[in-house]
Amino acid sequence: MQPISSMRITLAHPQDLDAIMEMYNSCVQGMLALGIDQWDESYPNRTIIEQDLKEGCYYIAIIENEIVAGMRVDNIQDPTYLDINWKDKTNNFMVVHRLGSKTKVWNKGIGKQMMDFAENIAIESGCSSFRLDTYSHNPKAMEFYKKLGYQQLGHINLKPDKDIYYCFEKVF
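So, how was this worked out
Along each chain, residues carry numbers from 1 onward, in the same order as the chain's sequence is written. Local features in this predicted model are restricted to residues whose pLDDT is 70 or higher, and side-chain atom pairs enter the listing and the counts only when it is 80 or higher, whereas totals over whole chains, interfaces and linings include all residues. Computation of side-chain values covers all heavy atoms of the structure but excludes hydrogens and water. Here a strand pair is declared whenever DSSP counts at least two bridges between the two strands. A run of H or I in DSSP becomes a helix once it reaches four residues, and a run of E becomes a strand once it reaches two; helices and strands are each numbered from the N terminus. Note on geometry: axes are C-alpha line fits, over the in-contact stretch for helices, and angles between N-to-C directions span 0 to 180 degrees. Residue contacts follow a heavy-atom distance rule, with two residues in contact if any of their heavy atoms lie within 4.5 Å. The rule is simple: take the accessible area with a 1.4 Å probe, protein chains only, and divide by the maximum for that residue type; under 20% is buried, over 50% is exposed, in between is partly exposed. Note: the arc covers the axis-to-C-beta directions of the helix. Centres within 6.5 Å are what make two rings of Phe, Tyr or Trp a pair, Trp counting through its six-membered ring; a difference in plane orientation under 30 degrees is then read as stacked, over 60 as edge-to-face, and the rest as tilted. Charge over a ring is defined by NZ of Lys or CZ of Arg lying within 6 Å of the ring centre and within 35 degrees of the ring normal.

## Details of the sheet that holds strand β4 (residues 93–101)
Read from one edge to the other, the open sheet built from 7 strands follows the order β1-β2-β3-β4-β5-β7-β6, with strand pairing classed as mixed. Every interior strand has two partners, whereas the edge strands, β1 (8–11) and β6 (151–156), have only one. The mean inter-strand angle of the sheet, taken between neighbouring strand axes irrespective of direction, is 30 degrees. Strand direction decides the pairing type here: β6 and strand β7 (residues 165–171), joined by 5 bridges, are antiparallel. Residue Gln152 lies in a different strand from β7, and its bridge partner there is Phe168.

Pasting the structure below:
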């Protein structure tokens, strides 16, 4: 595999669906092997990613013609986010959903490049902040977002069969 410097991030298309699902399968299996049950065989699923692709808000990272990471970037927050006391009161934000990567590129800076890309979309769109959530049993993700300058502001209950999710925000 080429170095990360050869990676490009681009808007995904419907024909990328199978490779995106392969990427998520790798990510989910890697998380489960570490005891992180944030995702499983039911989420993220094909139907959800198909919708992301139709809505034109799903981005992929490609190295040597291989999709190694993906994420949805939009301004749609889960209704449970309304319970969080966000620092940015302008309601002019973007949200990242389903950021994931193949296990073979974990700890290689791909996630940071994806988040930098997502934040640039928000800044170029005139947004004043970026929001996201991550599972409380995913310490690597929580540490990752804190290193990127995100502030943990509270928690939500997204799924009845899972523990809480922590909400993070970065104000520009």
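## Notes on the environment of Met114
Along the chain, the position of Met114 falls in helix α3 (residues 110–124). When the C-alpha atoms of Met114 and Ile9 are compared, they prove to be 7.5 Å apart, with 105 residues separating the residues in sequence. Once residues within four sequence positions are removed from consideration, Met114 is found in contact with Ile9, Tyr59, Ile60, Ala61, Ala69, Gly70, Met71 and Leu99.

## Regarding helix α4 (residues 139–147)
All of the buried residues in α4 are Ala141, Met142 and Tyr145. The arc enclosing the buried residues of α4, seen along the axis, measures out at 100 degrees, which places them on a common side. Residues of α4 that are exposed and point more than 90 degrees away from the buried face comprise Pro139 and Lys147. Where the residues of α4 are buried, they touch β4, α3, β5 (129–135) and β7. Positive phi shows up at Gly149, right after α4, with a value of about 95 degrees.

## Points about the packing of aromatic side chains
The relative placement of two aromatic rings is captured by the distance of their centres and the angle of their planes. Applying the stated criterion to the full structure yields 8 aromatic pairs. Summarising the aromatic geometry, the rings of Tyr24 and Trp39 are spaced 5.5 Å apart at their centres and angled 80 degrees between planes, so their arrangement reads as edge-to-face. Placement of the pair is Tyr24 in helix α1 (residues 17–33) and Trp39 in the loop between α1 and α2 (46–55), with a sequence separation of 15 residues. Overall, the relative accessible area of 1% leaves Tyr24 in the buried class. Relative accessible area serves as the criterion here: at 6%, Trp39 is assigned to the buried category. On the numbers, 5.0 Å between centres and 65 degrees between planes, the contact of Phe144 with Tyr145 is edge-to-face. Classification of Tyr145 as buried rests on a relative accessible area of 7%. Feature note: the residues Phe144, Tyr145, Tyr150 and Phe168 constitute an aromatic cluster, connected by ring pairs. Between Arg131 and the ring centre of Phe93, over which it is positioned, the NZ or CZ distance is 4.0 Å.

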